[in-house]
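Structural characterization, general
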Amino acid sequence: MTTVNAQQFVPVYLQIADALKERVRSGMYPENIKMPSESALAREFDVNLHTLRKSLDKLAKEGHIRKINGKGSFPLPNRHHNRSVLLIGKKVTSWQHESMQKVTCGAIVRLKDSGFKVELETVDDMDQALDEHAAGNRFINGAIVLRSGLDDHMEMDVMAQKLDKCGIPCVFEGHGPASANRVMLDNKAATKALVDHLHQLGHREIGIAYAKPDYGFEWHQRHDLIKAALDAKHCHHQDHACVISEHIWKVEEHIPEIEALLDRANRPTALICFGDTLAVNVVNIAKRMGLSIPDDLSVTGFDDMPIARFCQPALTTVSNDYWLFGNVAADALIAQINDYSAKAKTTLIDPTLVVRQSTAAPNPICETTSPIAKGNPRCAKSINRRRKRDAAKIG
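Residues numbered from 1 in each chain as written. Predicted model: local features only at pLDDT ≥ 70, side-chain atom pairs only at ≥ 80, totals over all residues. Heavy atoms only, no water.

Details of the pattern of salt bridges
One pass over the structure, following the stated rule, counts 11 salt bridges. As a salt-bridge pair, Glu44 and Arg23 come within 2.5 Å of each other at their nearest N and O atoms. With Glu44 in helix H2 (residues 38-45) and Arg23 in helix H1 (residues 12-26), this residue pair connects regions lying 21 residues apart in the sequence. We classify Arg23 as buried; its relative accessible area is 11%. Between Arg53 and Glu38 there is a salt bridge; the shortest N-O distance is 2.7 Å. You can see Arg53 sitting in helix H3 (residues 49-61) and its partner Glu38 sitting in helix H2, a full 15 residues away along the chain. Each of Lys192, Asp196 and Lys233 takes part in a single network of salt bridges with overlapping partners. (Salt bridge = Lys/Arg side-chain N within 4 Å of Asp/Glu carboxyl O. Helix = DSSP H or I, 4+ residues; strand = E, 2+ residues; numbered from the N terminus. Buried < 20%, exposed > 50% of the residue type's maximum accessible area, 1.4 Å probe, protein only.)

Re the sheet that holds strand E7 (residues 181-185)
Across the sheet, 6 strands lie side by side as E4-E3-E5-E6-E7-E13; this open sheet has parallel pairing. Of all strands in the sheet, those with a lone pairing partner are strand E4 (116-122) and strand E13 (346-349), marking the two edges. Strand-to-strand twist across the sheet, computed as the mean angle between neighbouring axes with direction ignored, equals 20°. Here strand E5 (residues 142-145) runs beside strand E6 (residues 170-173); their pairing, made up of 3 bridges, is parallel. Considered in E6, the bridge of Ile144 is made with Val171. The strands touched by helix H12 (residues 322-338) are strand E3 (83-89), E4, E5, E6, E7 and E13; relative to E6, the strand with the most contacts, the crossing angle is about 160°. (Pairing = 2+ DSSP bridges. Axes fitted to C-alpha atoms, helices over the stretch in contact; angles between N-to-C directions. Contact = heavy atoms within 4.5 Å.)

With respect to the packing of helix H9 (residues 255-262) against helix H10 (residues 276-288)
At a closest axis distance of 10 Å, the pairing of H9 and H10 adopts a crossing angle of 60°. With respect to their mutual orientation, H9 and H10 come out oblique. With respect to the hand of their crossing, H9 and H10 are arranged in right-handed fashion. For the pair H9 and H10, the contacting residues are Ile255, Ile258, Glu259 and Leu262 in the first and Leu278, Asn281, Val282, Ile285, Ala286 and Arg288 in the second. (Parallel < 35°, antiparallel > 145°, perpendicular 65-115°, else oblique. Left-handed = near helix turned anticlockwise from the far one by under 90°.)

As for the environment of Trp95
If you trace the backbone, Trp95 turns up in the loop between E3 and helix H4 (98-113). Take Trp95: its relative accessible area is 15%, and that puts it in the buried class. Trp95 has contacts with Leu87, Ile88, Gly89, Met100, Gln101, Thr104, Leu120, Glu121, Thr122 and Leu146, leaving out every residue within four places of it along the chain.

What about the confidence of the model for the protein chain?
Confidence in the prediction of the protein chain, expressed as mean pLDDT, is 80, and 81% of residues score 70 or more. Overall, residues 367-378 carries pLDDT values under 50, and its contacts beyond four positions in sequence, including any with other chains, amount to 22 contacts. (pLDDT = per-residue confidence, 0-100.)

Comments concerning the nonpolar core
Formed by 39 residues in total, the largest nonpolar core has its most connected members in Leu111 and Ile144. Of the residues forming this core, the biggest block, 8 residues, is contributed by H12. Residues in contact with Ile144, not counting those within four places in the same chain, are Leu86, Leu87, Ile88, Ala107, Leu111, Val171, Glu173, Ala329, Ala330 and Leu333. (Core = buried A, V, L, I, M, F, W, Y, C linked by side-chain atoms within 4.5 Å.)

Considerations on H10
For H10, with 13 residues, the first-to-last C-alpha span of 18 Å sits near the 18 Å given by 1.5 Å per residue. Burial analysis of H10 places 10 of its 13 residues in the buried class, which makes it a mostly covered element. Regarding H10, the residues found buried are Asp276, Thr277, Leu278, Ala279, Val280, Asn281, Val282, Val283, Ile285 and Ala286. Positive phi appears at Gly290, one or two residues downstream of H10, with a value of about 95°. (Expected span 1.5 Å × (residues − 1).)

A few points about the side chain of Arg267
If you trace the backbone, Arg267 turns up in the loop between H9 and strand E10 (270-273). Despite its burial, Arg267 pairs with no opposite charge, the nearest such side chain being Asp296 at 5.1 Å. A polar contact of 3.1 Å, which involves the side chain of Arg267, links it to the backbone oxygen of Asp296. (Lys, Arg positive; Asp, Glu negative; His and termini not counted. Polar contact = N/O pair within 3.5 Å; in protein donor to acceptor, adjacent residues only side chain to side chain.)

Things to note about the layout of surface pockets
Of the pockets and cavities examined, the second largest pocket occupies roughly 350 Å³. Around the second largest pocket, the lining is made up of 14 residues, and of these Lys67, Asn69, Lys165, Cys166 and Gly167 lie nearest the centre. At the level of secondary structure, the elements contributing two or more residues to the lining of the second largest pocket comprise H3, strand E1 (65-68), helix H5 (126-134) and helix H6 (153-165). Its residues assigned to classes, the lining of the second largest pocket comprises 5 nonpolar, 3 polar and 6 charged. (1 Å grid on protein atoms, 1.4 Å probe; cavity = no way out; pocket = protein on both sides within 12 Å on 5 of 7 lines; lining within 4 Å. Points joined across faces, edges and corners; volume = space filled by probe spheres on them. Nonpolar A, V, L, I, M, F, W, Y, C, P; charged D, E, K, R; others polar.)

Quick word on the packing of H2 against H3
Running from amino to carboxyl end, H2 crosses H3 at an angle of 105°, the nearest separation of the two axes being 9 Å. Considered as vectors, H2 and H3 are oriented roughly perpendicular to each other. The segment H2 lies against H3, with Glu38, Ser39, Leu41 and Ala42 engaging Leu49, Leu52, Arg53 and Leu56. Of the residues contributing to the contact of H2 with H3, the split by class is 5 nonpolar, 1 polar and 2 charged.

Have a look at this one:
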């Protein structure tokens, strides 16, 4: 009988895992040859089956052994070779987006440097990959669920449970269940930076342009955090919400909602947009309506996409280092593969506010009331021109 010290600070199941790991490394348990049964090992270490299985689970999740239901546990070849990690996206077209490409490349470079083979999988193909892993036909050391993989909390929980059931360590990049390892943007810091910037410029009537509530977890979180930050600064925003009801990337579908907001008698002096594409659309529509950016309306974006730098005027926005997201997610996964007993944690990536020409102090002429009421000739001329055009259409 091999004894373990229950009085040690190190838990018993970790002591057993270390002992079994040494047997695998030394060759005492040959590669791909069935190890002693769970009941035999439990008797040897004088522990119950639950404790012994925790030890084996740890070795399996770290890649030292493979557990096959109904067959037993088998030591794997040198774990520093042929190690495989999945990068999981929602669908193939997810990788068309620049942010996904940067996250993916950042993760691949770090994983390749650590000796991992990297495979891309979609959510729809995951069940087949997990079935192959469970059957012993494929070995997956770990997985990173990328930001476009899942938006629904329930789906994320199910994905985490499936991976854990198969003994596969995972990290959620972008967002994920609180019980899992996560690498996320510090949205609270990002939204606070935007609101503080506009507040310091003197804006108090600040609008929000965002997608419909079910567009995605991150957008929903940004919405709640921006409202909280505006409330904390006592900025009026209740009547300045612009909800883009359809697909966020289709420019033509933004026009009615944005025009309606900017035509209001109490239109905002600044507008926080939840994405750079949406912000650029706001700038173009406002300019077509005769508004000057930023003299009549300040506009901010989110993500610092290339379009933010090249639009006129250049866009004030929050910059995300997506390559860093991939690096950090890969590092978190490697750490979990090497020590699955480590507690799950959330790593927040600090944002950077990039101030450009699309924001300035509010114009007193246009503040808190309609352009016409304050005698802004540019706004009045534009709106009258539009009214004549509409009347001609009716005629």
